[in-house]
Amino acid sequence: MLNWLLQKEQIMCDTCGCNITPGNREFAYKPVNGTTAVAVLKNLLARNDDQAIHNRQHFDQQRLLAINLMSSPGSGKTALLEATIDALRNEYRIGVIEGDLETENDAERIRAKGAPAHQITTGSACHLDAHMVHEALHQFPLTGLDILFIENVGNLVCPASFDLGQHRNVILLSVTEGDDKPAKYPVMFRIADLVLLTKSDLLPLLGDFSPARAEANLRNLASTVPVMQLAARKALGLQPWLDWLRSELGWQRARVGRGETVQPRMQPDAVHLHEATT
């Protein structure tokens, strides 16, 4: 059974603990050939981190900046990428790895903007992992890219635990979702290097979303990262985001020139936090 779990480490809902509930917890942690499910998860995360290091080496060799975009479904990740490609097409070459359970819809939208895109369809997996990204890199040329975006599966829980090899984490929070999301999903928001409040053009129509409350909930997590408001479809508020990208790419190339790299913010106790959010 343990060997089967290790071979199937990309079927995350069956192995990462995100399907554990109070009703089945006592069964989930029964020993398996002397090894608990938590030990299996720790092994999976360790193997994922090894692969992530390898992926990051690929990115550093190409002197590109890799960014993991994470959010709940429908927050506007793909729309943000479309607007970013339009705004920076004369400065940088952007590539995108898309993650969804099914369809190539998002990758097709990116290709329609003239940018290379590769779609990962995860089936039942609720997030990407480093092994999925590495397989995609064999089919997705990195040469000539300046920025690689990895658009993760829409999910405010599981993606926070898995390093993909990226350099930075960007979390999107749509103003239609509720300003309490950082408080309700602290695992995700603690790993952010930047938080974007998206669809901000709708704020005048929404009486129950306060950007100030959203930021206060983020600061209560001891986070000091920037918070920016924008509306991608209307190209409103994009300049601070674009300037952040330019700055981060400059820092990344300076690091590569010194033979250094940078790892994204991750949760060191992701196993137990993963349990706690179920």
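This write-up is about the structure you can find in this document.

### Section: the pattern of salt bridges
Summed over all chains, the structure comprises 16 salt bridges. The shortest N-O distance in the salt bridge between E91 and R246 comes to 2.7 Å. Highlighted residues: E91 in the loop between helix 5 (77–88) and strand 2 (94–100) and R246 in helix 11 (residues 238–257), separated in sequence by 155 residues. According to the relative accessible area criterion, R246 is partly exposed, its value standing at 25%. With a shortest N-O distance of 2.7 Å, D193 and R265 are connected by a salt bridge. Residue D193 is located in the loop between helix 9 (186–190) and strand 6 (194–198), and its partner R265 is located in the loop between helix 11 and helix 12 (270–276); the two are separated by 72 residues in the primary sequence. Taking relative accessible area as the criterion, D193 reaches 8% and is therefore assigned buried. Each of R168, D193, E248 and R265 takes part in a single network of salt bridges with overlapping partners.

### Things to note about the environment of L249
Along the chain, the position of L249 falls in helix 11. Residue classification places L249 among the buried positions, given a relative accessible area of 2%. Distance from L249 to A66, taken between C-alpha atoms, is 9.1 Å for residues 183 residues apart in sequence. The contact partners of L249, leaving out residues within four places of it in the chain, are R63, L65, Y92, D146 and I147.

### Observations concerning the packing of aromatic side chains
Summed over the entire model, instances satisfying the criterion amount to two aromatic pairs. A centroid spacing of 6.2 Å and a plane angle of 35° characterise the contact between F149 and W241, whose relative ring orientation is tilted. Here F149 is found in strand 4 (residues 147–151), whereas its partner W241 is found in helix 11, with 92 residues between them in sequence. Of the two residues, F149 and W241, both sit in the buried class. Exposure remark for W241: the relative accessible area of 0% places this residue in the buried category. Put simply, the rings of F149, W241 and W244 pair up and form one aromatic cluster.

Reading the values: the criteria
Residues numbered from 1 in each chain as written. Predicted model: local features only at pLDDT ≥ 70, side-chain atom pairs only at ≥ 80, totals over all residues. Heavy atoms only, no water. Salt bridge = Lys/Arg side-chain N within 4 Å of Asp/Glu carboxyl O. Helix = DSSP H or I, 4+ residues; strand = E, 2+ residues; numbered from the N terminus. Buried < 20%, exposed > 50% of the residue type's maximum accessible area, 1.4 Å probe, protein only. Contact = heavy atoms within 4.5 Å. Phe/Tyr/Trp six-rings, centres within 6.5 Å; stacked < 30°, edge-to-face > 60°.

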